[in-house]
Amino acid sequence: MIGLVGALVVIVAVLLVNGGYAYRSQCPQASGSVETSWSYQISSVVPYLRYSRSGCAVHSATRVGLAKLGIWKISDGHGATGTVDHTSEWTDLQLAKGRARCIGNGSSYAFCSCVITELAKRFTPDEATQVSTAKRLDQLPAGLARRARLATAAIDHECR
């Protein structure tokens, strides 16, 4: 009996250590979908030290497992349920002006169309004005700044 308990403790310890090296990344895409990938960060000296990826939600395998068991829910606003599509709030004229302004800055039509589509999905026209006139993201309300960071990451990944 003691041998069985000892073996169980060793197995749990190995799973917990490995769970601190494996990370799931969920990155928003310009299309509105979320790219999910897993990485094993064995180069980390100590498990569970925060691995991060810009613009993405990153959680350790242990954290994902606890969420699957219903013990520690992940509710970070990433994924399809966290993205509200605001495209219908934009007029064709607003979209055309945004695209023209982008092209006027020397960018290609394809790039500008992708950017404007992404911005229209993620922001209302008023929010887009706030974001575009801010000198720094820390000047924006926290929720809007977070969404601007996610939109920037999605644009960098999808539109370039």
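Above this note sits the structure.
Fair warning: this is a prediction, and the values are worked out from it, not measured in the lab. (Residues numbered from 1 in each chain as written. Predicted model: local features only at pLDDT ≥ 70, side-chain atom pairs only at ≥ 80, totals over all residues. Heavy atoms only, no water.)

Participant: I tried to follow the nonpolar core on my own but got confused; where do I start?
Facilitator: Buried together is how nonpolar side chains tend to be arranged in soluble globular proteins. Within the largest apolar cluster, 11 residues are counted, these being Trp 90, Leu 95, Ile 116, Ala 120, Phe 123, Ala 128, Leu 140, Leu 144, Ala 145, Ala 148 and Ala 151. Contributions of two or more residues to this core are made by helix H4 (109-122) and helix H6 (142-158). Among the elements that take part in this core, H6 stands out by supplying 4 residues, more than any other. If you look at the next biggest cluster of nonpolar residues, it comprises 6 residues, including Cys 102, Val 115, Ile 155 and Cys 159. (Core = buried A, V, L, I, M, F, W, Y, C linked by side-chain atoms within 4.5 Å. Buried < 20%, exposed > 50% of the residue type's maximum accessible area, 1.4 Å probe, protein only. Helix = DSSP H or I, 4+ residues; strand = E, 2+ residues; numbered from the N terminus.)

Participant: So what exactly am I meant to see when it comes to the environment of Leu 95 here?
Facilitator: Counting through the fold element by element, Leu 95 comes out in helix H3 (residues 92-104). Relative accessible area serves as the criterion here: at 16%, Leu 95 is assigned to the buried category. C-alpha separation for the pair Leu 95 and Pro 125, spaced 30 residues apart in sequence, amounts to 9.6 Å.

Participant: Quick question: what am I supposed to make of H6 here?
Facilitator: Three- or four-residue spacings in an α-helix give side chains the same orientation, since the helix completes a turn every 3.6 residues. Between its terminal C-alpha atoms H6 stretches 24 Å, which fits the 24 Å expected from 17 residues at 1.5 Å a residue. Considered for burial, the residues of H6 that qualify are Leu 144, Ala 145, Ala 148, Leu 150, Ala 151, Ala 153, Ala 154 and Ile 155. Buried positions along H6 lie against strand E1 (22-28), H4 and helix H5 (125-133). (Expected span 1.5 Å × (residues − 1). Contact = heavy atoms within 4.5 Å.)

Participant: Quick question: what am I supposed to make of a nonpolar patch on the surface here?
Facilitator: A contiguous nonpolar patch, built from Met 1, Leu 4, Val 5 and Val 9 and spanning about 470 Å² of accessible area, is present on the exposed surface. With respect to the secondary-structure elements, Met 1 resides in the segment before helix H1 (2-19). Overall, Met 1 belongs to the exposed group, its relative accessible area being 78%. (Patch = residues over 30% accessible without salt bridge, like charges linked within 9 Å, V, L, I, M, F, W, Y side chains within 5 Å. Areas by Shrake-Rupley, 256 points an atom, 1.4 Å probe, with all protein chains shown as cover. Salt bridge = Lys/Arg side-chain N within 4 Å of Asp/Glu carboxyl O.)

Participant: Sorry, what's going on with helix H2 (residues 61-68) here?
Facilitator: All buried positions along H2 are accounted for by Thr 62, Arg 63 and Val 64. Phi for Gly 70, located one or two positions after H2, is positive at around 80°.

Participant: Please explain the sheet that holds E1 as it appears in this structure.
Facilitator: Each strand in a sheet pairs with its neighbour through backbone hydrogen bonds, running either in the same direction (parallel) or in the opposite one (antiparallel). Here we have 3 strands laid out as an open sheet, ordered E2-E1-E3, and antiparallel in their pairing. For this open sheet the edge positions go to strand E2 (34-40) and strand E3 (57-60), each flanked by a neighbour on one side alone. The sheet shows a mean angle of 20° between the axes of neighbouring strands, direction not considered. Pairing geometry for E1 and E3, over 4 bridges, is antiparallel. (Pairing = 2+ DSSP bridges. Axes fitted to C-alpha atoms, helices over the stretch in contact; angles between N-to-C directions.)

Participant: Please explain the state of the cysteines as it appears in this structure.
Facilitator: Formally, a disulfide is one covalent bond, and it connects the sulfur atom of one cysteine to the sulfur atom of another. Under the definition given, this model contains 2 disulfides. Note on cysteine connectivity: Cys 102 is disulfide-linked to Cys 112, with sulfurs 2.1 Å apart. Between Cys 102 and Cys 112, the disulfide has an S-S torsion of -80° and is therefore left-handed. One end of the pair, Cys 102, is in helix H3; the other, Cys 112, is in helix H4, with 10 residues separating them in the sequence. Comparing Cys 102 with Cys 112, the two get one shared label, buried. (Disulfide = S-S within 2.5 Å.)

Participant: Where do I start with the side chain of Ser 113 in this structure?
Facilitator: One can find Ser 113 in helix H4. Overall, the relative accessible area of 16% leaves Ser 113 in the buried class. In this structure the side chain of Ser 113 is engaged in a polar contact, spanning 3.2 Å, whose partner is the side chain of Arg 99. (Polar contact = N/O pair within 3.5 Å; in protein donor to acceptor, adjacent residues only side chain to side chain.)

Participant: Would you mind showing me how to read the pattern of salt bridges here?
Facilitator: Pairs can form between side chains of opposite charge once their charged atoms are near each other. Summed over the entire model, instances satisfying the criterion amount to 3 salt bridges. We note a salt bridge from Arg 147 to Glu 127, for which the minimum N-O separation is 2.7 Å. Of this pair, Arg 147 sits in helix H6 while Glu 127 is found in helix H5, placing the two residues 20 residues apart along the sequence. The exposure class assigned to Arg 147 is partly exposed, which follows from its relative accessible area of 23%.

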